[in-house]
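The lines below spell out each chain.
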Amino acid sequence: MIENYLDIHPEVEKALVNNLPVVALESTIISHGMPYPQNKETALHVEQIVRDNGAVPATIALIGGKIKVGLTENEIDYLAKSGSKIVKASRRDLPFLLSQKIDGATTVASTMIAAELAGIRVFATGGIGGVHRGASQSFDISADLQELANTNVAVVCAGIKAILDLGLTLEYLETFGVPVIGYQTEELPAFYTRKSGFKVNNKLDSASEIADLLKTKWDLKLKGGVIIANPIPKDKQLDFEVMKNAIDKALIQEKELGIKGKDSTPFLLGKVKELTDGLSLDANIALVYNNAKLAAQIAQELK
Ligand code: PSU
Ligand code: MN
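Residues numbered from 1 in each chain as written. Chains lettered and ligands numbered in written order. Predicted model: local features only at pLDDT ≥ 70, side-chain atom pairs only at ≥ 80, totals over all residues. Heavy atoms only, no water.

J.: Just checking my understanding: could you explain the pairing of strand β11 (residues 226-229) for this structure?
T.: The two faces of a sheet get side chains in turn, since along a regular strand they alternate between them. Of the two faces of β11, the one lined by Val 226 and Ile 228 and the one lined by Ile 227 and Ala 229 are each fully buried. Looking at chain direction, strand β8 (residues 154-157) and β11 are connected through four bridges and run parallel. Along β11, the bridge assignment pairs Val 156 with Ile 228. Direction of pairing for strand β9 (residues 180-183) relative to β11: parallel, over a ladder of three bridges. Across the sheet, the residue bridging to Ile 181 is Ile 228, located in β11. (Buried < 20%, exposed > 50% of the residue type's maximum accessible area, 1.4 Å probe, protein only. Helix = DSSP H or I, 4+ residues; strand = E, 2+ residues; numbered from the N terminus. Pairing = 2+ DSSP bridges.)

Set out below in structure tokens:
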């Protein structure tokens, strides 16, 4: 049954059959997270980093009514060029898009779903969705968090995006039993910066210890994911105050324009990029590369 919907690239399939390390990668970051051509270059280079670190990359998207696990360069080019014309596809969008054969870029939530269906346990991205600021009024809480509560995939990210409410996101994750592990850090990174003023639950210093934690969680049948928070490299991080100002401005503009729902995250990230003269884009690219490397190392240790 599920085969009717899943289309696994032969290289990924071969790796999975042979129990070789595979790292899942999302496609919303390509279509909605970055402009062309940086999005294409980043997507291809992330795959190369995964390979250089001994794992097989599996970028995931909805194409032609199938969940594609592992894309060709042409497919990545298509997603990169189409940009926001491609539907941003989270959990609730899968039935409609797949049955109507409409293409979609997968978010963290839907990439986790696809990864679990394919048998991939480690996923690298930039940042996860979370509880938005003002969520007590807007109810805007990303479906990524429920996916982390339920789907057995480890997500390597650069912490929680500073555009969100970090404190509320941590509370939500605690309620749903999702461990937030800092890689070589006790402070939760805030995507563009290494500091946030919040703490992770626990710090682990090596890929093998992280793999042990994942194994332990899933051996115990504690369903759901784990957040591996990997701080942006020191020389790439942005100034905390500069980012804070840009984010505050972006949030005001979002309110004025009445932007809501699934358009919120892409709007805020785009605005912050504009307000920082593209500096945030460079940081975003650097942190994704950094996460791809750690994810590949963890995937190897999980074998
Ligand atoms: N973080 C980024 N770029 C992105 C996203 C997050 O730096 O493009 C995307 C991810 O795909 C994430 C999604 O899953 O935004 C969250 O959207 P929402 O808040 O609507 O669930
Ligand atoms: Mn939302």
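J.: Looking at this model, I keep getting lost on the pairing of strand β4 (residues 66-69). Mind explaining?
T.: With three bridges connecting them, strand β1 (residues 6-8) and β4 associate as parallel partners. Counted as the bridge partner of Ile 8 is Val 69 from β4. In the sheet, strand β3 (residues 56-63) pairs with β4 via four bridges, with the strands oriented antiparallel. Looking at β4, one finds that Ala 61 is bridged to Lys 68. Between β3 and β4, which pair antiparallel and follow one another directly, the connecting turn spans two residues, one of which, Gly 64, has a positive phi of 60°.

J.: I keep staring at the packing of aromatic side chains and nothing clicks. Help me out?
T.: We describe a pair of aromatic rings using the distance from one ring centre to the other and the angle between the two ring planes. If you walk through the whole model with that rule in mind, you get two aromatic pairs. Here the aromatic rings of Phe 191 and Tyr 192 are separated by 4.8 Å at their centres, their planes lie at 85°, and the arrangement is edge-to-face. Residue class for Phe 191 comes out buried when judged on its relative accessible area of 3%. Overall, Tyr 192 belongs to the buried group, its relative accessible area being 1%. (Phe/Tyr/Trp six-rings, centres within 6.5 Å; stacked < 30°, edge-to-face > 60°.)

J.: What is the right way to read the layout of surface pockets from this model?
T.: Rolled over the atoms, a probe sized like a water molecule indicates the empty space that remains. The space that makes up the largest pocket amounts to roughly 610 Å³. Lining the largest pocket are 31 residues, with Lys 88, Thr 107, Ser 142, Asp 144 and Thr 265 sitting closest to its centre. Looking at the lining of the largest pocket, the elements that each hand over two or more residues are α2 (28-31), α8 (143-150) and α12 (264-275). In terms of residue count, α12 provides more of the lining of the largest pocket than any other element does, three residues in total. (1 Å grid on protein atoms, 1.4 Å probe; cavity = no way out; pocket = protein on both sides within 12 Å on 5 of 7 lines; lining within 4 Å. Points joined across faces, edges and corners; volume = space filled by probe spheres on them.)

J.: Explanation requested: helix α4 (residues 73-82) in the structure shown.
T.: What sets the pattern is the α-helix's 3.6 residues per turn: residues three or four places apart point alike. Residues of α4 that are buried include every one of Glu 75, Ile 76, Asp 77, Leu 79, Ala 80 and Ser 82, and no others. Where the residues of α4 are buried, they touch α2, α3 (38-52), β3 and β4. Once α4 finishes, Gly 83 follows within two positions and takes phi at roughly 50°, a positive value. (Contact = heavy atoms within 4.5 Å.)

J.: Would you explain a nonpolar patch on the surface in this entry?
T.: Residues Met 1, Ile 2, Tyr 5 and Leu 117 make up a contiguous nonpolar surface patch of about 410 Å² in total accessible area. Inspection of the secondary structure puts Met 1 in the segment before β1. Its relative accessible area of 69% is what places Met 1 among the exposed residues. (Patch = residues over 30% accessible without salt bridge, like charges linked within 9 Å, V, L, I, M, F, W, Y side chains within 5 Å. Areas by Shrake-Rupley, 256 points an atom, 1.4 Å probe, with all protein chains shown as cover. Salt bridge = Lys/Arg side-chain N within 4 Å of Asp/Glu carboxyl O.)

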